[in-house]
Amino acid sequence: MADEKQRALDGARVDPDGSRLITQQGVRVDHTDDSLAAGDRGPTLLEDFHFREKVTHFDHERIPERVVHARGAGAYGHFTPYDDRLARYTAAEFLTDPSVTTPVFVRFSTVAGSRGSADTVRDVRGFATKFYTRQGNYDLVGNNFPVFFIQDGIKFPDFVHAVKPEPHNEIPQAQSAHDTFWDFVALQPETLHAVMWLMSDRAIPRSYRMMQGFGVHTFRLVTADGRGTFVKFHWKPALGTHSLVWEECQRIAGYDPDFNRRDLWEAIESGAFPEWELGVQLVEETDEFAFDFDLLDPTKIIPEERVPVLPVGRLVLDRNPDNFFAETEQVAFHTANIVPGIDFTNDPLLQARNFSYLDTQLIRLGGPNFAQIPVNRPVTEVSTNQRDGYGQQRVHRGRTSYTPNTLGGGCPVVGGDFPEVFRHYQEKVDGSKIRKRSASFADHHGQAALFWNSMSEVERTHIVAAFRFELGKVETVEIRAAVVAQLGRVHADLAAAVAEGLGLPLPDLGEPASTQSSPALSQLGQPTGTI
Ligand code: HEM
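Residues numbered from 1 in each chain as written. Predicted model: local features only at pLDDT ≥ 70, side-chain atom pairs only at ≥ 80, totals over all residues.

You'll find the protein entered in an unreviewed UniProt entry as Catalase, with Actinokineospora auranticolor given as the organism. UniProt annotates the protein under Catalytic activity (unreviewed entry) with the comment "2 H2O2 = O2 + 2 H2O". Under the heading Sequence similarities (unreviewed entry), UniProt records this for the protein: "Belongs to the catalase family. HPII subfamily." (UniProt positions renumbered as here; feature names shortened; annotations may be inferred.)

Written out as structure tokens, the structure is:
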């Protein structure tokens, strides 16, 4: 089973033997160094089909990079559950049958920078896994932070416009050190919890192999008889979670901008296969309202003291792609790619993602047939009445491509029971149509404070230094002050230390979310870093 995807890919693999050049039309040519010209020094002739094919194809080699997460590195591997302990909660075979090993493709990424940006920047890292299961493709499209910056996907274009390089000069390429980002943070305090993670050492991982991953949203596991359980997914690296320090990041970005990508590639080539343990936090449907935050709010974690992480399986990456473009660039992850036994919740960020990924891939990958690209194909059978479109690779035969029909052929719907066929979880919904954030999403500072309070002294020192460095690059003094005022609502010590480093007066602290005292931050000097 683990090799099933590799066997399927064999049909698409090409190994030029270096012996001859044959055009796309199958014609052998023996000269590719000079164009066909009229005379010794004359103009190139339009009839030079070999020149035209060669240059035209080259002219069209580039596709749009991902609108976010443009820079990434990927690898194949496999996932095996430890045992059947999740069988009580889900009908998803790949999570419950220890005799089944499921092939996967994983892509790690930075978020803000473009395809050619450096690896070791302060940023979130993507951790996206495509499981080629026997019930279809399941994509767990996560990050290395357990929380996100916004609560509702309708804010995603605003957020990304603020995060990306400023539009007039495209500076800075891949950092959060600029006015637009911090302006957004100050005005949208829902960002604060994720911003605390961003200013922490978690945002500068030493290696993709030493990074945690999180599904972020609360999802749902569903049993064969339709019972739901809330779930949060966690990836834990076997090598432990390790970070660089900021000064290392800056040096490495200069010496080796491919640092994380190279590390992943070389580890796999040398047989040091990276591993992660999949863990789940499970919450019964009856406990939906047992917390002082909303389970549907993606800016919140479920504290592990309240709900421990249950280890359920092992992921190993053991094969590098053969071709970066064909596989790592063309892979298409989508939160809506789910299989029987897993379902969504009403998290408004997740709901937006379920629209956005397919939509963006339609343009990024050139039309509606990108699921036929080898890396995206499921290992299961595909049988639809969809036809035609750019890049169609299949030759569908017969007269019918619709249902119902009396003529035979096509792909009729055949009955079956869940979980043999996918059925949506029958969640009851009721309410008026309103455009308003739920009051249960209102606390933006409590878990940011929890994060600060859980840090060691060294980690706090790093967080303050990061705020000082990044805010030190912000030109608009009012924006710096507005962020510091928000930090005052997280913790007085944090706000004071950042304000001092920026030469700002102490903010009027109002009601901080936390007053628990922090270890001394006195060893901090002026903003560190040399950029
Ligand atoms: C890409 C994670 C929120 C839109 C990605 C990727 C990851 C990711 C890991 C890269 C996938 C790859 O390697 O190809 C997350 C997480 C989120 C989040 C964990 C919050 C919990 C959102 C939201 C939207 C969005 C709210 C839009 C409403 C996109 C788009 C791409 C992307 C358009 C590019 C996809 C492509 O071109 O294939 N995201 N994302 N994301 N994300 Fe998100």
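What follows picks up the thread again.
Asks: Help me out: how do you make sense of the overall build of the protein in this one?
Replies: Of the regular secondary structure elements, the protein holds 14 helices and 12 strands. Taken against the 2.2 N^0.38 rule, which gives 24 Å for 531 residues, the C-alpha radius of gyration of the protein at 26 Å falls within 12% of a compact globule. Once the C-alpha set of the protein is aligned to its principal axes, its extents read approximately 75 × 70 × 50 Å. Long-range pairs, those at least 24 residues apart, make up 72% of the contacts in the protein with a sequence separation of at least 6. (Helix = DSSP H or I, 4+ residues; strand = E, 2+ residues; numbered from the N terminus. Rg over C-alpha atoms; globule rule 2.2 N^0.38 Å. Contact = placed C-beta atoms within 7 Å.)

Asks: Just to check I follow, could you spell out the UniProt feature "domain: Catalase core" (unreviewed entry) in the protein for this structure?
Replies: Following the UniProt record, one finds the feature "domain: Catalase core" (unreviewed entry) at residues 22–411. The annotated region residues 22–411 carries 21% helix and 20% strand content, and the separation between its end C-alpha atoms amounts to 38 Å.

Asks: Help me understand unusual backbone geometry in this model?
Replies: A negative phi holds for most residues other than glycine; trans holds for most peptide bonds. In this model, I171 is joined to P172 through a cis peptide bond whose omega is -5°. One can find P172 in the loop between α4 (156–163) and α5 (179–187). Omega for the bond connecting F418 with P419 falls within 30 degrees of zero, at 10°, which places this linkage in the cis form. Considering the arrangement of structural elements, one finds P419 in the loop between α10 (348–364) and α11 (446–453).

Asks: It is not clear to me how the site of the ligand should be interpreted in this structure. Could you clarify?
Replies: R66, H69, R107, G126 and S356 are the nearest of the 29 residues found near the ligand. Sorting the residues of the shell around the ligand by element identifies β4 (102–110), β5 (125–133), β6 (136–143) and α10 as the ones contributing at least two each. Here the element with the most residues in the shell around the ligand is α10; it accounts for 8 residues. (Near = placed C-beta within 6 Å.)

Asks: Whenever I open this one, the UniProt feature "active site" (unreviewed entry) in the protein confuses me. Can you help?
Replies: Annotation from UniProt places "active site" (unreviewed entry) at H69 and N143. A stretch of 75 residues holds the annotated residues, and the largest C-alpha distance among them is 10.4 Å, short enough that they meet in one place. Here H69 is to be found in the loop between α2 (49–59) and β3 (72–81). Setting aside anything within four residues of it in sequence, one finds H69 in contact with S109, V111 and G126. Relative to the assigned elements, N143 resides in strand β6. Its 23 C-beta neighbours within 10 Å are what place N143 among the buried residues. Each residue touching N143, except ones within four places of it in the same chain, is listed here: V124, R125, G126, F127, F214 and V216. (Buried ≥ 20, exposed ≤ 12 C-beta atoms within 10 Å, placed from the backbone.)

Asks: Is there a simple way to explain the environment of N144 in this structure?
Replies: Within the secondary structure, N144 sits in the loop between β6 and α4. Excluding its chain neighbours within four sequence positions, the residues that come into contact with N144 are V124, R125, F127, R202, P205, M211, Q212 and G213.

Asks: For this particular structure, what's the right way to read the packing of α5 against helix α13 (residues 477–488)?
Replies: Helices that pack against each other are described as a pair by the angle of their axes relative to one another and the distance between those axes. For the pair α5 and α13, interaxial distance at closest approach is 9 Å and the crossing angle is 40°. By the criterion of interaxial angle, the relationship of α5 to α13 is oblique. The interaxial crossing formed by α5 with α13 has left-handed handedness. The residues of α13 that touch α5, namely those facing D179, W182, D183, V185 and A186, are I479, A482, V483 and Q486. Residue composition of the contact of α5 with α13, by class: 6 nonpolar, 1 polar and 2 charged. (Axes fitted to C-alpha atoms, helices over the stretch in contact; angles between N-to-C directions. Parallel < 35°, antiparallel > 145°, perpendicular 65-115°, else oblique. Left-handed = near helix turned anticlockwise from the far one by under 90°. Nonpolar A, V, L, I, M, F, W, Y, C, P; charged D, E, K, R; others polar.)

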